[in-house]
Each structure stands twice: as C-alpha cells, then as structure tokens.
Amino acid sequence: MSVLEEEMLTCVLCGGSASKISEPFEGYVEGYVIEILECGSCSARFSSRLDVPDWLYDRIYAQAELIPGYGRYARYEAGVTEHRRPLDLLAEAEDPYWHVREYIAAQSAPQALRVVELGCGAGYLTYALRRAGIQCVGVDISAEAISRARTRSGHAEWFQTVEEFQQDRGAVDLVVALELIEHVPDPVAVVRDALAMLGTDGALLLTTPDRDACRPGEVWASDAPPVHLYWLGRRALQAVADRCGAVVEFPLVRPSSSHRPVPAANHLWPAILTADGDVTESVRRSVRLSARLRLHAAAMLWRLATAASPQRTRRVRRLGAAAPEPAATLAAVLRRPPETRD
C-alpha cells in the first residue's frame, strides 16, 4: 500500500477510519482511476484521489451544452436574462435555489444584505439576486465561467475569479455555496475560509447532494470524481462544522419537493472527458441519439396533443417538457458561535 493510500484511509472531514467500498473504476476523466471510501464515523463517502486537473472546469463550461447534467445550467444561464423574476425561475426549478430565496426572504432587510456566491459557475444565481436588488458578487475558480457570466450579464463588476476576489475581500452578511463542497479537495478549509468572510450575525448557506437519501445498493449517486469528490450527509456536515468551530442548522426540506435521488451506479458510466479535456466520443454519440429521441418523442406528443381535448393537450405538453429530477438536496446554515463574532 502506498503512502497516499494509507493517508486516504483517514477521513479528511472528521479524522475517522475509512474503508474501501468499491472496486477501482475510471471516473469522469479517461485514465483517472479511483475507488470509493466510506468513513465509519461520519458516514461520508469520498474518492481515493482528491487531485483535480487545473483545466477541468474551464473545459466543462466551454462544452456545457454537451455534458450530461451541465446542459440545464446552460439553460438557466440563458433563461434568467429573459425572465421578469429570475430568482423565482431558479427557485421553482431546483431545491438549492429555493433555499436561497427562502433564506433571503426571511431576513428583516433583504435589500441591505451583502452576499458572496462561491462557485457561481456561469453566474445565473448571482445575476438573479442582483435583479432582485441584492448586493451579490459571484466568485468562481473557472476563468471561462466568469468570462461567460460577465459577457451575458453585461456587468463585469458582478463577477470575480478566485484570484481577483482574494484581493478585494470584506465582511459579508451571507456566503452562498450551492453544490460546491463536494467538488473541493478540502471541504473543511473551504468552510473555514467562508466563515472568516462573515460579519456579525453572518451566515454560510450551503447545499450538497444528500448522502442520507442513499438507496440500498447505491455506492455513488453523484458525478464521478474528480468532479464530485465527496458525498455527504448530516453527520458529515456536522463533523465539518465541528472542525471549523461553527454552529450548524439544517433547514426544513422544501415542503412541496418531490425530488428523489437519481439512479447512481456512476462507476459503471463511461468517462465524460478525455485526458485532454474534450467530451468523449461515447458521450457525443449519446447526445446525438438523445437529440433524435427527443425530436421523435416531441413529434409523437404533438400528434397526440392535436387529436386530444384541450385538457389532455395541456397534460401531454407538460409531460413532453419534463426534465430529469436532480438528486436530493441537503441544505445547511453555518454560523460562528456568538462568542467569536465581532
């Protein structure tokens, strides 16, 4: 066993002992071979490798429309600029954005909030918050994503790369980190850094795919490493909060949510990207096939709809527009203990 393997058998989050629960398999990138480990103390699952290629997210965002799971982000990116109430558009689309809207709405003076969105991607949530009158800056590691956000929004000052943001940091009221900590090699360091940004009574609102919603037999119901490196539940997030000296609360789940975990078995899926960062040919073939199937299904639905009653027409059109449900979402709000606040 190598030194790296020995080190990886200790949980990065809580220091507990972890054991392997999968055979080696090729992850998101061709040639990137990993195993899945599970911590016996906090139940976190994580990759045996935590190294992330420098080019990964630039290449993903440059080809988002072709990549499974990222296509919907491209649709959000386009949709928010065309919608009168873009924050509502996002909140109704997925649970993470719903939690953001509900948290902000519960504050006594939402318009006075100073907000930072970490891992803003193409910037559609930051844009939606700005449109709602919230002072928000979006930050991302991908220069490609920040460039796209600036171009589409027309407001370069709303978005910063990580390097730019480090030079212009001040106390904020809310740090938003949606579906972020599962991507980073050291979630504890990221959470600790986010908490350090907060002013008096500030909060960190984060979401992540819910490990507690795991179904029997599922090993990894999330994007394969090195995109997602962790799969966390409440015990794991509590362990992260404890390591950071933070107080954590778990908001109630969305009352009307019907989101369920997507089928997992990611270790059986083919790699999404080549070692050079291009979308693999198998994924390209799948996208082309899916497009043909969607066109065929749309034609069939249209034929059914035009021969049906108006009521049935509306129902068929809704079915035709349905999208796959995202994985179940775990939300957490972290704060510094009262005695450590300014």
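Residues numbered from 1 in each chain as written. Predicted model: local features only at pLDDT ≥ 70, side-chain atom pairs only at ≥ 80, totals over all residues. Heavy atoms only, no water.

1. Quick word on the side chain of Thr274
Then step 1. Tracing the chain through its elements places Thr274 in the loop between β12 (247–249) and α11 (281–306).
Then step 2. Given a relative accessible area of 18%, Thr274 falls into the buried group.
Then step 3. Excluding anything up to four places from it in sequence, Thr274 contacts Val29, Glu30, Trp55 and Thr280. (Helix = DSSP H or I, 4+ residues; strand = E, 2+ residues; numbered from the N terminus. Buried < 20%, exposed > 50% of the residue type's maximum accessible area, 1.4 Å probe, protein only. Contact = heavy atoms within 4.5 Å.)

2. A few points about the sheet that holds strand β10 (residues 198–209)
Then step 1. The seven strands lie next to each other as β8-β7-β6-β9-β10-β13-β12, forming an open sheet whose pairing is mixed. Unpaired on one side and paired on the other, β8 (159–161) and β12 mark the two borders of the sheet. Looking at each pair of strands side by side, their axes are set apart by 20 degrees on average, direction ignored.
Then step 2. Sheet analysis places strand β6 (residues 114–118) next to strand β7 (residues 135–140), joined by five bridges and oriented parallel. Bridging across to β7, Arg114 finds its partner in Gln135.
Then step 3. Strand contacts of helix α10 (residues 234–243): β10, β12 and β13 (329–335), with the helix running at about 20 degrees to β13, the strand carrying the most contacts. (Pairing = 2+ DSSP bridges. Axes fitted to C-alpha atoms, helices over the stretch in contact; angles between N-to-C directions.)

3. Thoughts on the pattern of salt bridges
Then step 1. Here the structure, examined in full by the defined rule, presents 17 salt bridges.
Then step 2. A salt bridge links Glu65 to Arg148; the nearest nitrogen and oxygen atoms lie 3.6 Å apart. One end of the pair, Glu65, is in the loop between α2 (56–62) and α3 (71–79); the other, Arg148, is in helix α7 (residues 143–153), and 83 residues separate them in sequence.
Then step 3. The class of Arg148 is buried, set by a relative accessible area of 18%.
Then step 4. Salt bridges here are not isolated pairs; linked through shared partners, they connect Arg85, Asp88, Glu92, Arg101 and Glu102. (Salt bridge = Lys/Arg side-chain N within 4 Å of Asp/Glu carboxyl O.)

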